[in-house]
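# Architecture and fold: a report
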Amino acid sequence: MLSIKERQRYLTKLGYYTGKIDGIEGAGTKKAYKQLQKKYFIRKSDIDGIYGNNTEKLLINAYRIKIYTKNFKLEEFKCECNGKWCTGYHEILSINLLKNVQKLRNKYGSLTITSGLRCTNYNSNIGGIRGSKHTQGKAVDFFTSYTFKSLTNRKGAIDWYIKNCNSVNYAYCDGYGRTKWRKEYPSVPTMYKSIHVDVK
């Protein structure tokens, strides 16, 4: 887990803590935990001001979004189970994934994430593959106005992603997919006009 000083630094950067970075888990630090929880957690039972594993993951994710992206909010990556099975932020988002999503945003303009984090129960419920990178904080599905227009545009965006982004693993849409070493033409009708990208 993060040390108390690290938590205080992260919370300060996010605007939840204004006290000294002293490593003491006092009232101000605990209040900051609860404010962070209130901002992002759906279930009332998770908003307790106690720093456990769920709050650790939430804090790291909020901090990473702040540091590694400039056009995204943490809520855009939230699990869509809406608190049924998880807090919404059950896993820590990959830094490389966040950097890559920002690169895609810089290249193609406004970007809508259609699927980010998925807890294993939600992933299974929607028919996702076992071990999906979405459950590991290493994948997003998205579209932009450019990629939405045609399969040709989606293919181009996938090729650009593979060539220009960090630690790439796989990218695909309905009708095209590739890794660095192989192109394929998968039929994934559930993707509609979205693109899946992930990292190792």
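Now for a quick tour of the structure. Model, not experiment: these values are computed from the prediction.

### Brief notes about the overall build of the protein chain
Counting secondary structure elements, the protein chain contains seven helices and six strands. In the protein chain, the succession of helices and strands from N to C terminus is α-α-α-α-β-α-β-α-α-β-β-β-β. Taking 2.2 N^0.38 as the reference for a compact globule, 200 residues should give roughly 16 Å; the C-alpha atoms of the protein chain span a radius of gyration of 18 Å, in line with that estimate. Reported as C-alpha extents along the three principal axes, the dimensions of the protein chain are approximately 55 × 30 × 25 Å. Burial analysis of the protein chain (200 residues in total) assigns 46% to the buried set. Pairs at least 24 residues apart make up 59% of the contacts formed inside the protein chain by residues separated by at least 6 positions. Looking at the protein chain as shown, the accessible area adds up to about 10300 Å², and 46% of this sits on carbon and sulfur atoms. In the protein chain, 37 side chains carry a positive charge and 15 a negative one; their mean positions are 5 Å apart.

### Quick word on the pairing of strand E6 (residues 195-199)
With five of five residues buried, E6 lies mostly within the body of the structure. Because side chains alternate across E6, one face comprises the buried residues Ile195, Val197 and Val199, and the other comprises His196 and Asp198, equally buried. Judged from the four bridges that link them, strand E3 (residues 168-173) and E6 form a sheet pairing that is antiparallel. Each residue of the ladder has a partner; that of Val168, found in E6, is Val199.

### Notes on the sheet that holds strand E1 (residues 111-115)
Across the sheet, which stays open at both edges, the six strands sit in the order E1-E2-E6-E3-E4-E5 with antiparallel pairing between neighbours. Every interior strand has two partners, whereas the edge strands, E1 and strand E5 (183-184), have only one. The sheet contact formed by E3 and strand E4 (residues 176-178) spans three bridges and is antiparallel. Paired with Ala171 across the strands is Arg178, a residue of E4. Across the sheet, helix H7 (residues 151-164) lies against E3, E4 and E6, angled at about 180° from E3, the strand it touches most.

### Examining the layout of surface pockets
Empty space within the largest pocket amounts to approximately 470 Å³. Lining the largest pocket are 22 residues, with Arg118, His134, Asp141, Tyr172 and Met191 positioned closest to its centre. Secondary structure elements with two or more residues in the lining of the largest pocket: E1, E3 and E6. Of the residues in the lining of the largest pocket, the class split is seven nonpolar, ten polar and five charged. In this structure, the second largest pocket spans a volume of roughly 180 Å³. Taken together, Leu14, Tyr16, Lys39, Tyr40, Ala62, Ile65, Lys66, Phe72, Lys73, Leu74 and Glu75 make up the full set of residues lining the second largest pocket. Of all elements in the fold, only helix H2 (27-40) and helix H3 (53-68) reach the threshold of two or more residues within the lining of the second largest pocket. No other element matches H3, which puts three residues into the lining of the second largest pocket.

### A short note on the side chain of Thr69
Relative to the elements of secondary structure, Thr69 occurs in the loop between H3 and helix H4 (95-108). Among the polar contacts listed, one links the side chain of Thr69 to the backbone oxygen of Ile65, at a separation of 2.7 Å. Residues within four places of Thr69 in sequence aside, it is in contact with Arg64, Leu98 and Gln102.

### Section: the state of the cysteines
Inspection of every chain in the model, using the stated rule, returns zero disulfides. As a non-bridged cysteine, Cys79 has Cys119 as the owner of its nearest cysteine sulfur, 3.8 Å distant. Among the residues examined, Cys79 registers a relative accessible area of 1% and is labelled buried.

### Details of the pairing of strand E2 (residues 139-144)
Taken across its six residues, E2 has five buried, putting it largely inside the fold. With four bridges joining them, E1 and E2 adopt antiparallel strand pairing. Within E2, the position partnered with Thr112 by the bridge is Phe143. Bridging between E2 and E6 involves four bridges; their strand directions are antiparallel. In the sheet register, Val140 faces E6, and the bridge partner there is Val197.

Rules used in this analysis
- Residues numbered from 1 in each chain as written.
- Predicted model: local features only at pLDDT ≥ 70, side-chain atom pairs only at ≥ 80, totals over all residues.
- Heavy atoms only, no water.
- Helix = DSSP H or I, 4+ residues; strand = E, 2+ residues; numbered from the N terminus.
- Rg over C-alpha atoms; globule rule 2.2 N^0.38 Å.
- Buried < 20%, exposed > 50% of the residue type's maximum accessible area, 1.4 Å probe, protein only.
- Contact = heavy atoms within 4.5 Å.
- Areas by Shrake-Rupley, 256 points an atom, 1.4 Å probe, with all protein chains shown as cover.
- Lys, Arg positive; Asp, Glu negative; His and termini not counted.
- Charge placed at Lys NZ, Arg CZ, Asp CG, Glu CD.
- Pairing = 2+ DSSP bridges.
- Axes fitted to C-alpha atoms, helices over the stretch in contact; angles between N-to-C directions.
- 1 Å grid on protein atoms, 1.4 Å probe; cavity = no way out; pocket = protein on both sides within 12 Å on 5 of 7 lines; lining within 4 Å.
- Points joined across faces, edges and corners; volume = space filled by probe spheres on them.
- Nonpolar A, V, L, I, M, F, W, Y, C, P; charged D, E, K, R; others polar.
- Polar contact = N/O pair within 3.5 Å; in protein donor to acceptor, adjacent residues only side chain to side chain.
- Disulfide = S-S within 2.5 Å.

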